[in-house]
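# Architecture at a glance
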Amino acid sequence: NAYETATTPSRLIGTETCTYTILPKDSGIFLLAESTFTSKDNTLIFGDQEEMGFGIRIPTALTVRHGTGSIENSQGDKNEPEAWGKQADWCAYEGIIDNTKVGVTLLTDPENFRKSWFHVRDYGLIVANPFGKKAMTGSKNPQIPQDKTIIPKGDSFNLNFAIHIFSGSAEESHDTDAIY
């Protein structure tokens, strides 16, 4: 019953401690997001979901569908049809605004427990999702089992991501592999 669930007194299941760090560099601005999940009283379970992870929305002027944008991941996959649901180290969304190349790259930490699958959309979305094993690769395939990530009570679990915001001349190349 949804009403009973909504009125049940809340209880603490676990905590997320997230630290954001802003780093200006020659190549642009980095936003680092470092999260630690813990629970002293409960086992934490992250299920296999498509709609979760660390993500960013892209301004309309940079989208593939309504702007000058393009998407590329670390595997060389381009735009939504190729890059959606693929594991990668990073995924970039960039385009030209007023003769300036501008963009944003979502990078995953190589120390995360596994590579993330990327939920990317031509309308302006990038999400890195390390929990979408079945949801992102074979939701209709019965051979691929549901996945869960279990954090025993008392343990901690870290996930780290970075966003790189950059701009430069329209002709300037951008070496995301070197930045990663």
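What comes next concerns the included structure. Please read these numbers as outputs of a predicted model, since none were measured by experiment. (Residues numbered from 1 in each chain as written. Predicted model: local features only at pLDDT ≥ 70, side-chain atom pairs only at ≥ 80, totals over all residues. Heavy atoms only, no water.)

Moving on, we come to the overall build of the protein chain. Check the secondary structure of the protein chain and you find four helices and twelve strands. Along the three orthogonal principal directions, the C-alpha set of the protein chain runs to about 55 × 40 × 30 Å. Within the protein chain, buried positions represent 40% of all 180 residues. For the protein chain, long-range pairs separated by at least 24 residues make up 64% of all intrachain contacts whose partners lie at least 6 apart in sequence. For the protein chain, the separation between the mean place of its 16 positive charges and that of its 24 negative charges on side chains is 9 Å. (Helix = DSSP H or I, 4+ residues; strand = E, 2+ residues; numbered from the N terminus. Buried < 20%, exposed > 50% of the residue type's maximum accessible area, 1.4 Å probe, protein only. Contact = heavy atoms within 4.5 Å. Lys, Arg positive; Asp, Glu negative; His and termini not counted. Charge placed at Lys NZ, Arg CZ, Asp CG, Glu CD.)

Whenever strands of a sheet pair, they do so through backbone hydrogen bonds, lying parallel or antiparallel. In space, the four strands of this open sheet follow the order E4-E10-E9-E6, with antiparallel pairing throughout. Among the strands making up the open sheet, the edge pair consists of strand E4 (54-57) and strand E6 (86-88). Between one strand axis and the next, the sheet turns by 30° as a mean value, whatever way the strands run. Across four bridges, the pairing between E4 and strand E10 (residues 125-129) is antiparallel. Bridge pairing links Ile56 to Ile126 in E10. (Pairing = 2+ DSSP bridges. Axes fitted to C-alpha atoms, helices over the stretch in contact; angles between N-to-C directions.)

Bringing the nonpolar core into the picture now. Ranked by internal contacts, the top residues of the largest apolar core, which has 26 residues, are Ile58, Leu106, Phe118, Val120, Ile126 and Phe157. Residue assignment for this core shows that the elements contributing at least two residues are strand E2 (28-38), strand E3 (44-46), E4, strand E7 (90-97), strand E8 (100-108), strand E9 (116-121), E10 and strand E12 (156-169). Of the residues forming this core, the biggest block, four residues, is contributed by E12. When residues no more than four places from it in sequence are discounted, the contact partners of Val120 are Ile71, Glu80, Ala83, Trp84, Cys91, Leu125 and Ile126. Of all hydrophobic cores here, the second largest spans five residues; its members include Phe30, Trp90, Ala92 and Leu107. (Core = buried A, V, L, I, M, F, W, Y, C linked by side-chain atoms within 4.5 Å.)

To continue, consider the pattern of salt bridges. Evaluated as defined, the whole model comprises six salt bridges. When the shortest N-O distance is used, the salt bridge between Glu80 and Arg121 registers 2.8 Å. Here Arg121 lies in strand E9 and Glu80 lies in helix H2 (residues 79-83), a separation of 41 residues in the sequence. Each member of the pair, Glu80 together with Arg121, is buried. Two residues, Lys115 and Asp89, come together in a salt bridge whose shortest N-O distance is 3.6 Å. Taken together, the residues span a long stretch of sequence, with Lys115 in the loop between E8 and E9 and Asp89 in the loop between E6 and E7 at a distance of 26 residues. By sharing partners, the salt bridges in this structure join Glu50, Glu80 and Arg121 into a single network. (Salt bridge = Lys/Arg side-chain N within 4 Å of Asp/Glu carboxyl O.)

Just distances and angles here, no functional claims.
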